[in-house]
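# Results of the structural survey
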Amino acid sequence: MLKRKRTPGWLVMLWLLLIQGGAMFGSEELLVNGGFENRDQGWKKICHFRPGGTVETSSDEAHSGDYSLFFKNTTGVREHYYELFSQRLEKLEPGATYILAFWGKGEISGKNRFGVCDDAYGNKGTVYAEVGSSDEWMRYEIRFKPDENGQKNIILMSRDLIEGFYIDDLSVTEE
Ligand SMILES: [Ca+2]
């Protein structure tokens with residue numbers, strides 16, 4: 001008769017140590033719902049004057065899973081006209097360096113804002129990725145430091161011309 005073996009205790013301990021170690025060495029994921037599989041959960045959507053473009057979750061394209069975030073803007077830059085998704089990170093280490101990585105695909109031109117800022121609207125402490133048009137999913141990465149209170153906003157803003165662009169699998173980890 002076959003007897004089912006229990007997982008040895010030392011293996012469980014090792015597993016727990018590895019998980020803890022991962023957190024200690026900065027591989028811990030800090031963003032909530034960075035792949036948009038829970039649609040807009042964890043994200044704050046802000047529409048300023050309309051039409052500021054379209055920013056919404058979509059199942060038309062996905063780098064992984066079923067959903068991504070879709071951007072379209074046919075009007076281009078008009079001061080204070082924009083739509084954005086943002087997520088505030090509040091427990092970062094002041095002075096530490098963090099990496100925001102994400103994947104993008106589609107047609108885009110002009111100066112849009114995909115990156116970080118101190119406030120929720122892109123006025124202060126900004127770092128944005130240089131994003132370009134691509135038929136394939138491309139990986140983008142920026143490095144940033146939080147403000148003196150260990151906080152920073154992730155900001156995904158439709159501000160300039162976008163023919164149709166998708167973003168998926170955002171990730172923030174300590175460097
Ligand atoms: Ca996804």
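Attention in this report is confined to the structure presented alongside it. (Residues numbered from 1 in each chain as written. Predicted model: local features only at pLDDT ≥ 70, side-chain atom pairs only at ≥ 80, totals over all residues.)

## Side note on the sheet that holds strand β2 (residues 54-58)
The strand order β2-β3-β10-β5-β8 describes an open sheet built from five strands, whose pairing is antiparallel. Each of the sheet's edge strands pairs with one partner strand only, and the pair in question is β2 and β8 (134-144). Ignoring strand direction, the axes of neighbouring strands in this sheet form an average angle of 30 degrees. Where strand β3 (residues 68-73) and strand β10 (residues 162-174) come together, four bridges link them in antiparallel fashion. Paired with Leu69 across the bridge in β10 is Ile167. (Pairing = 2+ DSSP bridges. Helix = DSSP H or I, 4+ residues; strand = E, 2+ residues; numbered from the N terminus. Axes fitted to C-alpha atoms, helices over the stretch in contact; angles between N-to-C directions.)

## Focus: the pairing of strand β4 (residues 83-89)
Pairing analysis gives four bridges linking strand β1 (residues 44-47) to β4, with the strands arranged antiparallel. Note that in β4 the partner of Lys45 across the bridge is Phe85. Pairing between β4 and strand β9 (residues 152-158): seven bridges, direction antiparallel. Paired with Gln87 across the strands is Ile154, a residue of β9.

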